[in-house]
Amino acid sequence: MDRYAVIGNPIAHSKSPVIHRAFAQQTGQHLSYEAILGPEEGFADTVRAFAASSGRGMNVTVPFKLDAFALADHLSPRAQAAGAVNTLSFRLDGIHGDNTDGVGLIRDLEVNLHCPLAGKRVLLLGAGGAARGVMQPLLAAQPAQVTIANRTAARAQALAERFASGTDAGKVEGGSFDRLAGQAFDVIINATSASLANDVPPLPAGVYASGALAYDMMYAATPTAFLQAATASGAAHTADGLGMLVEQAAESFLIWRGVRPASAPVLTQLRAMLAEA
Ligand code: NDP
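Residues numbered from 1 in each chain as written. Predicted model: local features only at pLDDT ≥ 70, side-chain atom pairs only at ≥ 80, totals over all residues. Heavy atoms only, no water.

1. Looking at the pattern of salt bridges
Phase 1: If you walk through the whole model with that rule in mind, you get 10 salt bridges.
Phase 2: Between R107 and E247 there is a salt bridge; the shortest N-O distance is 3.4 Å. With R107 in helix α5 (residues 101-112) and E247 in helix α9 (residues 242-257), the pair connects residues that are 140 residues apart, well separated along the chain.
Phase 3: For R107, a relative accessible area of 25% corresponds to the partly exposed category.
Phase 4: Each of R78, D98, E251 and R260 takes part in salt bridges that share partners, so that together they form one network. (Salt bridge = Lys/Arg side-chain N within 4 Å of Asp/Glu carboxyl O. Helix = DSSP H or I, 4+ residues; strand = E, 2+ residues; numbered from the N terminus. Buried < 20%, exposed > 50% of the residue type's maximum accessible area, 1.4 Å probe, protein only.)

Have a look at this one:
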């Protein structure tokens, strides 16, 4: 039987086994999917050992996405743009690395949440791995503007500069939260880890345009601190990152098995599991 797994540290919390087993059942694919606790040292050896024992692919999560990037023999353009790998495929010509986080976010926004990004003013909060990982698919969706704001302003500026070339001048810019005063956005995406500490990035009043969507990449059984603050500040719509999680998994499944599973029933299943936990 073809084996798949998610590797991370910690890993006990991972929802990937539930998601991929549901996809396999739904599409009639015969495979196994497990969770592997990656060692602090020896990531590459663990991956190679899995590949050598009928492993066909792996999802990679915190803190190993950069290790997976370094390990891959072949990188997809979106993995190169993201600078990180969350999907490994073991093939005859070596290890292929891809990144499905960004496309997962875009599918959740555009398909599940019916929020087409073309022509929209988008504000991306944070300049870490998650923010960088979504930049290329975000720009490919043709928003009018992408503004990156980060606690450490220089990181936001550097991220904007990295992706500004090849796009319309002025379309991508980065800086501090203070610089947002007087601006309004249609879609505001929280890619900071502030919600993990129940913290909220300091956004000025008026940042949510009429009808705006607030999206938190983090997810929880109840609205995150960021989404609660967004509602209080006038966001018309809110969504957390559970849909992104399911959609990035669906894209990995497609890469591995050549069939795209329906994500909606699995998202419903996961939402119910979160509520019960
Ligand atoms: P990183 O550690 O790479 O980056 C963290 C970012 O958050 C930095 O920009 C940092 O700013 C900022 N930050 C941290 N604390 C605060 C705070 N208190 N106030 C304001 N900004 C803060 O993390 P990642 O980019 O890997 O992950 C970010 C989030 O995205 C996590 O919550 C993660 O769970 C989520 N995520 C969700 C996914 C999904 O499928 N739903 C997929 C991937 C990530 P500074 O540069 O100043 O330190």
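2. Some words on the site of the ligand
Phase 1: Inspection of the region around the ligand gives 18 residues, with A130, N150, T152, R155 and M217 positioned closest.
Phase 2: One of the backbone nitrogen or oxygen atoms of S193 is found 3.0 Å away from an oxygen atom of the ligand.
Phase 3: G241 places a polar main-chain atom, nitrogen or oxygen, 3.1 Å from a nitrogen atom of the ligand.
Phase 4: Relative to its free-state accessible area of 940 Å², the ligand is covered by the protein chains to the extent of 76%.
Phase 5: Of all the secondary structure elements, the ones that give two or more residues to the shell around the ligand are α6 (129-140) and α9.
Phase 6: Here the shell around the ligand is built from residues that sort into seven nonpolar, eight polar and three charged. (Near = heavy atom within 4 Å. Polar contact = N/O pair within 3.5 Å; in protein donor to acceptor, adjacent residues only side chain to side chain. Areas by Shrake-Rupley, 256 points an atom, 1.4 Å probe, with all protein chains shown as cover. Nonpolar A, V, L, I, M, F, W, Y, C, P; charged D, E, K, R; others polar.)

3. Points about the sheet that holds strand β2 (residues 31-37)
Phase 1: One open sheet accounts for six strands, arranged β2-β1-β3-β5-β6-β4; its pairing is mixed. If you trace the sheet from one side to the other, it starts and ends with β2 and β4 (74-75), each paired once.
Phase 2: Two elements, strand β1 (residues 2-8) and β2, share seven bridges in a ladder whose sense is parallel. Bridge pairing links A5 to E34 in β2.
Phase 3: The sheet contacts of α9 involve β1, β2, β3 (55-60), β5 (87-91) and β6 (94-98), and relative to β5 the element is tilted by about 10°. (Pairing = 2+ DSSP bridges. Contact = heavy atoms within 4.5 Å. Axes fitted to C-alpha atoms, helices over the stretch in contact; angles between N-to-C directions.)

4. As for the sheet that holds strand β12 (residues 237-240)
Phase 1: Strand order in this open sheet of six strands is β9-β8-β7-β10-β11-β12, and the pairing throughout is parallel. Where the open sheet ends on each side, the last strands, each with one partner, are β9 (172-175) and β12. Each neighbouring strand pair of the sheet contributes to a mean axis angle of 15°, computed without reference to strand direction.
Phase 2: Contacts between helix α7 (residues 153-164) and the sheet are confined to β8 (145-149) and β9, with β9 contributing the most and set at about 165° to the helix.

5. Let's talk about unusual backbone geometry
Phase 1: Here the residue pair N9 and P10 is connected by a cis peptide bond, since its omega of 5° sits within 30 degrees of zero.
Phase 2: Relative to the assigned elements, P10 resides in the loop between β1 and α1 (16-27).
Phase 3: Following V62, the chain continues into P63 via a peptide bond in cis, with omega recorded as 5°.
Phase 4: Counting through the fold element by element, P63 comes out in the loop between β3 and α3 (65-71).
Phase 5: A positive phi is found at H114, a non-glycine position, where the angle reads about 55°.
Phase 6: Of note, H114 is situated in the loop between α5 and β7 (121-125).
Phase 7: Positive phi is not limited to glycine here, since N198 has a value of about 60°.
Phase 8: Within the element layout of this structure, N198 appears in the loop between β10 (185-190) and β11 (208-216).
Phase 9: With relative accessibility at 61%, the residue N198 sits in the exposed group.

6. Concerning the packing of α9 against helix α10 (residues 264-276)
Phase 1: Between α9 and α10, the least distance of the axes is 10 Å, while the angle of their chain directions is 135°. Between α9 and α10, the interaxial angle falls into the category oblique. The way α9 lies across α10 gives a crossing that is right-handed. Touching L242, G243 and V246 of α9 are V266, L267, L270, R271 and L274, all from α10.
Phase 2: For the contact of α9 with α10, the class distribution of residues is six nonpolar, one polar and one charged. (Parallel < 35°, antiparallel > 145°, perpendicular 65-115°, else oblique. Left-handed = near helix turned anticlockwise from the far one by under 90°.)

Limitation: the analysis is restricted to geometry and does not speak to function.
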